[in-house]
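Chain and residue survey
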Amino acid sequence: MVPPLKPRTGGTAGALAVLATLFLAATNFAEAALGAAPGPPQAETDDCLSCHGDQGLAAGKPGPGSRSLFVDGQAFADSVHGRDLRCTDCHPGMAEVPHPPRPHRTEAERRAGSREACKACHFENYRQSFDSVHQRVLARGDVHAPSCVDCHGSHTTVPAAQPRSAISRTCAACHRGISDAYANSVHGRALLETENADVPVCTDCHRGHAIADPRVENWLLRTPELCSGCHADPARMSRYGLSTAVSQTYLADFHGMTASLSRGKGEEAPRITALCIDCHGVHDITKVKDPASPVLKANLVKTCRKCHEGATESFPAAWLSHYEPSWQKAPLVHGVKVFYGLFIPFVIGGLALQILLHLWRVVVNR
Amino acid sequence: MSAPGSTARAAETAGGDFVRFSPRQRLEHALVMSLFVVLAVTGFPQKFHNSGWAQGVVDLLGGLERVRFLHRAAGFLFALLAATHVAMLIRDVASGRARLSMVPTRKDFQDAITTLRYYLGVSDLQARFDRFDYRQKFEYWGLLLGGVVMVATGLLLYFPVAVASFLPGELIPAAKVAHSNEGLMAFLVVIVWHIYNAHLSPEAFPFDRSIFTGRISRERMKHEHPLELVGSQRSGEEAVGTPSAQDEEHRSREAQAPDG
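Residues numbered from 1 in each chain as written. Chains lettered and ligands numbered in written order. Predicted model: local features only at pLDDT ≥ 70, side-chain atom pairs only at ≥ 80, totals over all residues.

**Some details on the overall build of chain B**
What chain B contains, in helices and strands, is 11 helices and 3 strands. Secondary structure of chain B in N-to-C order comes out as β-β-α-α-α-α-α-α-α-α-β-α-α-α. Within chain B, residue pairs in contact and separated by at least 24 positions form 64% of the contacts whose partners lie at least 6 positions apart. (Helix = DSSP H or I, 4+ residues; strand = E, 2+ residues; numbered from the N terminus. Contact = placed C-beta atoms within 7 Å.)

This is the structure we're talking about:
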């Protein structure tokens with residue numbers, strides 16, 4: 001093994017790195033001379049770790065800009081890739097020591113390029129990541145935009161949804177405010193306190209790789225469909241005593257009709273029509289019976305006023321609160337419905353009958 | 001209801017046609033017909049928004065915003081047309097220029113029964129109609145009253161916040177159900193009843209042109225509005241320009257006709 005390097009200690013770092021690579025070259029040469037085959041992954045990993053196992057190994061000038069090159073051998077061995085992948089599967093060309101120069105010019109390029117390592121095995125997710133809102137940020141040259149390894153880890157990759165709450169915690173690393181709101185929501189609490197398998201984690205709504213910009217119109221218009229994925233599922237809703245009619249009653253109403261007939265544009269749209277999230281909230285969503293719920297009867301008029309300026313106390317009654325009209329709930333609406341249910345067949349049937357009788361008479365007269 | 005001086009007058013044509021509808025009535029029909037089409041085309045995609053064709057129609061017209069604009073504009077014009085119609089009618093009736101020939105009478109109910117008995121073959125007696133028969137009155141009042149329902153519920157839906165400030169909020173979803181169903185019924189009446197009577201009926205096939213030309217033939221007058229024909233002969237001063245030969249014929253028919 002190599003003696004420990006102290007690359008961050010100042011001007012000697014470069015010289016030490018050269019020494020290290022020379023040493024590696026020498027051992028590689030020795031291995032080749034001894035006729036050693038590439039061997040199992042472990043052998044290569046051990047080789048690399050002889051340098052990269054050093055916690056102080058870093059690239060770039062010392063200081064905040066420097067990037068650690070340390071790899072925790074044990075963590076890698078425990079990761080999903082530890083058993084089957086050798087270092088050069090993800091770091092092609094790095095078997096050569098000294099390492100050849102890297103093609104990227106900027107940190108953003110390096111981060112964007114790091115995806116290429118995952119491409120060969122995870123092609124579909126790789127492809128989808130180009131449709132992600134993160135890709136747009138990355139393409140702008142923003143070094144904070146996440147690439148594969150920022151969410152999945154690089155040498156410490158574990159299965160993504162074990163436990164499911166890990167997903168929400170991953171996003172929280174950057175999306176702090178949203179994560180806090182989610183953690184206090186009815187969904188977030190169930191997830192974080194009891195690992196409830198029914199509630200959505202971030203990626204259930206936002207998707208994992210092709211993460212769309214949630215502020216654009218055509219994504220917003222999909223929210224009723226998104227919520228219905230669970231809220232129209234009888235098995236899931238019955239566990240909590242929730243109605244599955246919420247989606248269909250929404251769609252039957254003016255707002256739902258507007259949403260389903262609107263074609264979304266790929267632009268930001270502050271307000272199209274009331275979508276699920278406009279009344280119930282998004283990440284901070286609560287139980288409808290929660291005193292703070294924006295759809296609780298006492299709070300409803302305030303919620304209506306978000307769009308309907310000047311709405312009075314009687315205005316929320318215009319919305320049937322996801323109930324199907326019946327003699328108990330909304331008798332007036334139900335009455336009108338029943339009336340036309342009888343009146344239309346009566347009128348049209350009567351007219352059609354008279355037409356048929358007329359035709360019959362014409363035929364008889366001939 | 002009749003427009004000014006709209007009791008049938010003999011026309012100047014050599015064929016002996018009668019003028020049945022005034023230019024204003026013909027214009028009113030053309031306008032209500034066009035507005036009806038616009039309202040149906042822009043309204044039904046909203047009623048049947050779950051159907052695939054609804055999205056197609058909305059896209060074709062340039063999006064929901066425009067569909068709603070067209071629907072509201074056409075609805076506004078329809079309301080204006082109805083209001084003008086009623087206002088002119090009141091004026092004409094008040095000044096004695098029109099008679100209330102569209103008001104349903106006891107005779108209309110008798111005519112309906114007579115007609116049904118005839119259709120069923122119970123009796124060979126056929127009802128004899130005046131200027132408007134009971135079916136035409138039914139359609140007229142259906143359009144006018146249905147129009148009132150559509151305009152009223154349409155306004156409720158257009159100004160929900162204002163309406164709910166002085167009326168119960170539940171009126172708004174009730175208005176939506178009424179607007180949607182009344183519109184469907186109007187459409188079905190037109191498709192089933194009006195299209196039959198104006199186009200498909202053996203008596204009208206292929207096309208009863210009188211609401212467009214304003215004229216009706218003597219033959220059809222005799223057959224469809226015999227009492228009106230008689231009436232026009234009685235009030236001789238209205239039968240301006242009737243050739244005397246035809247006048248004679250009318251008088252002789254009138255003598256034969258049983259008193260309606």
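**A word on the overall build of chain A**
Per the secondary structure count, chain A includes 21 helices and 2 strands. Considering chain A as a whole, with its 366 residues, one finds that 20% of them fall into the buried category. Contacts in chain A between residues at least 24 apart in sequence constitute 55% of all its contacts with a sequence separation of at least 6. (Buried ≥ 20, exposed ≤ 12 C-beta atoms within 10 Å, placed from the backbone.)

**Here we look at the interface of chain A and chain B**
In many reports, interface size means the accessible area that the parts give up when they come together. In this complex, chain A contributes 35 residues to the contact, which on the side of chain B involves 35 residues. Per-element tally for the side of chain A that touches chain B: the top contributor is helix H21 (residues 331–365) of chain A, with 17 residues. Looking at the side of chain A that touches chain B residue by residue, the classes come out as 24 nonpolar, 8 polar and 3 charged. (Nonpolar A, V, L, I, M, F, W, Y, C, P; charged D, E, K, R; others polar.)

**With respect to the nonpolar core**
Within the largest apolar cluster, 20 residues are counted, with the highest numbers of intra-cluster contacts made by Leu156(B), Leu171(B), Ile172(B), Ala174(B) and Ala175(B). Taken together, the elements giving at least two residues each to this core come down to helix H20 (297–305) and H21 of chain A together with helix H5 (134–158), helix H6 (160–164) and helix H7 (171–200) of chain B. When residues in this core are grouped by element, the largest group, 6 residues, is from H7(B). In contact with Leu156(B), not counting residues within four places along its chain, are Val163(B), Leu171(B), Ile172(B) and Ala175(B). (Core = buried A, V, L, I, M, F, W, Y, C linked by C-beta atoms within 7 Å.)

**A look at the environment of Pro200(A)**
Residue and element names in this part refer to chain A. Take Pro200: it is sitting in the loop between helix H12 (186–194) and helix H13 (202–206). Sequence separation of Pro200 and Cys227 is 27 residues, and the distance between their C-alpha atoms is 9.7 Å. With residues near it in sequence (within four places) discarded, Pro200 still touches His187, Cys205 and Cys230.

**Remarks on the packing of helix H1 (residues 23–47) of chain B against helix H3 (residues 64–94) of chain B**
The description of two helices packed together rests on the angle between their axes and the distance between the axes. Residue and element names in this part refer to chain B. Packing of H1 against H3 brings their axes to within 9 Å, and their N-to-C directions diverge by 150°. As judged from the angle between their axes, H1 and H3 are roughly antiparallel. As H1 packs across H3, the resulting crossing turns out to be left-handed. Residues Glu28, Leu31, Val32, Leu35, Val38, Leu39, Thr42, Gly43 and Pro45 of H1 lie in contact with H3, whose contacting residues are Val67, Leu70, His71, Ala74, Gly75, Leu77, Phe78, Leu81 and His85. Residues of the contact of H1 with H3, tallied by class, amount to 12 nonpolar, 5 polar and 1 charged. (Axes fitted to C-alpha atoms, helices over the stretch in contact; angles between N-to-C directions. Parallel < 35°, antiparallel > 145°, perpendicular 65-115°, else oblique. Left-handed = near helix turned anticlockwise from the far one by under 90°.)

**Remarks on the confidence of the model for chain A**
Residues and elements named next belong to chain A. Chain-level statistics for chain A give a pLDDT mean of 84 and a share of 89% at 70 or above. Per-element confidence in chain A ranges from a low mean pLDDT of 45 for helix H1 (residues 13–33) to a high of 95 for helix H16 (residues 234–238). pLDDT under 50 marks residues 1–20. Its contacts with residues more than four places away, or in other chains, come to 25 contacts. Every residue in residues 22–39 scores below 50 in pLDDT, and together they form 9 contacts with partners more than four places removed in sequence or on other chains. (pLDDT = per-residue confidence, 0-100.)

**What about the packing of helix H10 (residues 165–172) of chain A against helix H11 (residues 176–183) of chain A?**
H11(A) packs onto H10(A) with a crossing angle of 145° between their chain directions and a minimal axis gap of 8 Å. Residues Ser168(A), Cys171(A) and Ala172(A) of H10(A) touch H11(A), and the partners they reach there are Arg176(A), Ser179(A) and Tyr182(A).

**Description of unusual backbone geometry**
All names here are of chain A. Here the bond from Val97 into Pro98 is cis, since omega is 5°, no more than 30 degrees from zero. In the Ramachandran plot, Arg207 falls in the positive-phi region, its phi being about 70° despite a non-glycine side chain. Assignment of secondary structure puts Arg207 in the loop between H13 and helix H14 (217–220). Accessibility expressed as a C-beta count within 10 Å gives 13 for Arg207, which makes it partly exposed.

**Re the confidence of the model for chain B**
Residue and element names in this part refer to chain B. Looking at chain B as a whole, its pLDDT mean stands at 83, while 84% of the residues score no less than 70. Below a pLDDT of 50 lies the segment residues 1–12, which in the model reaches 49 contacts outside its immediate sequence neighbourhood of four places, other chains included. Low pLDDT, under 50, characterises residues 236–260; the stretch is placed with 22 contacts to residues that sit more than four places away or in other chains. Among the scores for the predicted complex, ipTM is 0.82 and pTM is 0.78.

**Brief notes about the environment of Ala317(A)**
Counting through the fold element by element, Ala317(A) comes out in the loop between H20 and H21. Here Ala317(A) falls in the partly exposed class, since 19 other C-beta atoms lie within 10 Å of it. When the C-alpha positions of Ala317(A) and Glu268(A) are compared, they lie 31 Å apart, and in sequence the two are 49 residues distant. Filtering out sequence-adjacent residues up to four positions away, Ala317(A) remains in contact with Pro168(B), Gly169(B) and Glu170(B).

**Thoughts on H3(B)**
Across its 31 residues, H3(B) extends 44 Å between first and last C-alpha, which sits within 8% of the 45 Å expected from 1.5 Å per residue. Within the span of H3(B), buried status applies to Leu64(B), Val67(B), His71(B), Ala74(B), Gly75(B) and Phe78(B). Where H3(B) is buried, its residues contact helix H18 (254–261) of chain A together with H1, helix H2 (52–60) and H5 of chain B. Just downstream of H3(B), Gly96(B) is the residue with a positive phi angle, here 75°. (Expected span 1.5 Å × (residues − 1).)

**Observations concerning H20(A)**
All names here are of chain A. Residues of H20 that are buried: Leu300, Thr303 and Cys304. Along the axis of H20, the buried positions cluster into a sector of 95°, meaning they face one direction only. Turned more than 90 degrees from where H20 packs its buried face, Ala298 and Lys302 sit exposed. Summarising the contacts, the buried residues of H20 are in contact with helix H19 (276–280). (Arc of directions from axis to C-beta.)

**Quick word on the environment of Met150(B)**
All names here are of chain B. Checked against the element boundaries, Met150 lands in helix H5. According to the C-beta neighbour criterion, Met150 is buried, with 22 such atoms within 10 Å. If sequence neighbours within four positions are ignored, Met150 has contacts with His179, Glu182 and Gly183.

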